[in-house]
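# Working through the structure, step by step
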Amino acid sequence: GAEGLAVALEFPDLAPWIARLKAECPVFDATNVFGAAEYAAARAKGSRVTRAYVLPLRCRTEANQVMNAVRQPGIALVEVLLAVRNDADLPGEAVTDDVLAVRNEVVAALAGWAPDSRNPVNYSSGQRLGFEDFTVWWSDIYSIDFLLAG
């Protein structure tokens, strides 16, 4: 790298993402959206209600675009991990409908929204992670562009 340049790689602040889901997704009752610290505890003891966890996933950048400085466009990936409760022990199709309804609320809240007023959030992918104690765990991945510069 270029000597003497101050470059700080920071993951996007996820607090606005959590606030956005609390405000825009009635399914979470404005109280059941959390960050990474709460996720570890929830996995250990299980979830009694439908919840969302907003987690940093990874960053990647393109090649540096200038000499003797740093200018690298990048993309940050954010995981929204959903724990969708199935208290009624519904059959598979009904559970799928419940998960889809929660996912649709989250996508509507995040896709196209610009937490930094410059770069919009993009939906990237999703997958079911498993079933555990009447809870379906689902992961949706969102991306947002950033610039590493110095």
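This structure is a prediction, so every number in the text was calculated from the model and none was measured.

Quick notes on the rules
Residues numbered from 1 in each chain as written. Predicted model: local features only at pLDDT ≥ 70, side-chain atom pairs only at ≥ 80, totals over all residues. Heavy atoms only, no water. Helix = DSSP H or I, 4+ residues; strand = E, 2+ residues; numbered from the N terminus. Buried < 20%, exposed > 50% of the residue type's maximum accessible area, 1.4 Å probe, protein only. Salt bridge = Lys/Arg side-chain N within 4 Å of Asp/Glu carboxyl O. Pairing = 2+ DSSP bridges. Core = buried A, V, L, I, M, F, W, Y, C linked by side-chain atoms within 4.5 Å. Arc of directions from axis to C-beta.

Phi angles above zero are rare outside glycine, and aspartate 29 is one such case at about 55 degrees. Note that aspartate 29 resides in the loop between helix H1 (15–24) and strand S1 (33–34). Relative accessible area serves as the criterion here: at 55%, aspartate 29 is assigned to the exposed category. Even without glycine at this site, alanine 30 takes up a positive phi of about 60 degrees. Considering the arrangement of structural elements, one finds alanine 30 in the loop between H1 and S1. Accessibility expressed as a relative area gives 44% for alanine 30, which makes it partly exposed.

This next bit is on the pattern of salt bridges. Here the structure, examined in full by the defined rule, presents 2 salt bridges. Note that arginine 103 is salt-bridged to aspartate 140, the shortest N-O span being 3.0 Å. Placement of the pair is arginine 103 in helix H3 (residues 92–110) and aspartate 140 in strand S5 (residues 135–149), with a sequence separation of 37 residues. With relative accessibility at 0%, the residue aspartate 140 sits in the buried group. Between arginine 118 and aspartate 116 there is a salt bridge; the shortest N-O distance is 3.7 Å. The exposure class assigned to arginine 118 is exposed, which follows from its relative accessible area of 65%.

Sheet topology places strand S4 (residues 122–132) next to S5; 9 bridges connect them, and they run antiparallel. Within S5, the position partnered with tyrosine 123 by the bridge is tyrosine 142. Hairpin geometry of S4 and S5 is characterised by an intervening segment of 2 residues between the two adjacent antiparallel strands and by a positive phi of about 50 degrees at aspartate 133.

Our next topic: the nonpolar core. It is characteristic of soluble globular proteins that their nonpolar side chains tend to be buried jointly. Counting 28 residues, the largest nonpolar core has Trp17, Leu21, Leu82, Val106 and Leu110 as its most contacted members. At the level of elements, H1, strand S2 (51–61), strand S3 (71–85), H3 and S5 are the ones that each hand at least two residues to this core. With 6 residues, S5 is the largest single contributor of residues to this core. Phe34, Tyr53, Leu81 and Ala83 belong to the second-largest nonpolar core, a separate cluster that totals 7 residues.

Below, the discussion takes up H1. Spacing of three or four residues puts side chains on the same side of an α-helix, whose turn is 3.6 residues. Regarding H1, the residues found buried are Trp17, Ile18 and Leu21. Taken end-on, H1 shows its buried residues confined to a sector of 100 degrees, consistent with a single buried face.

The values are spatial; any link to function lies outside them.
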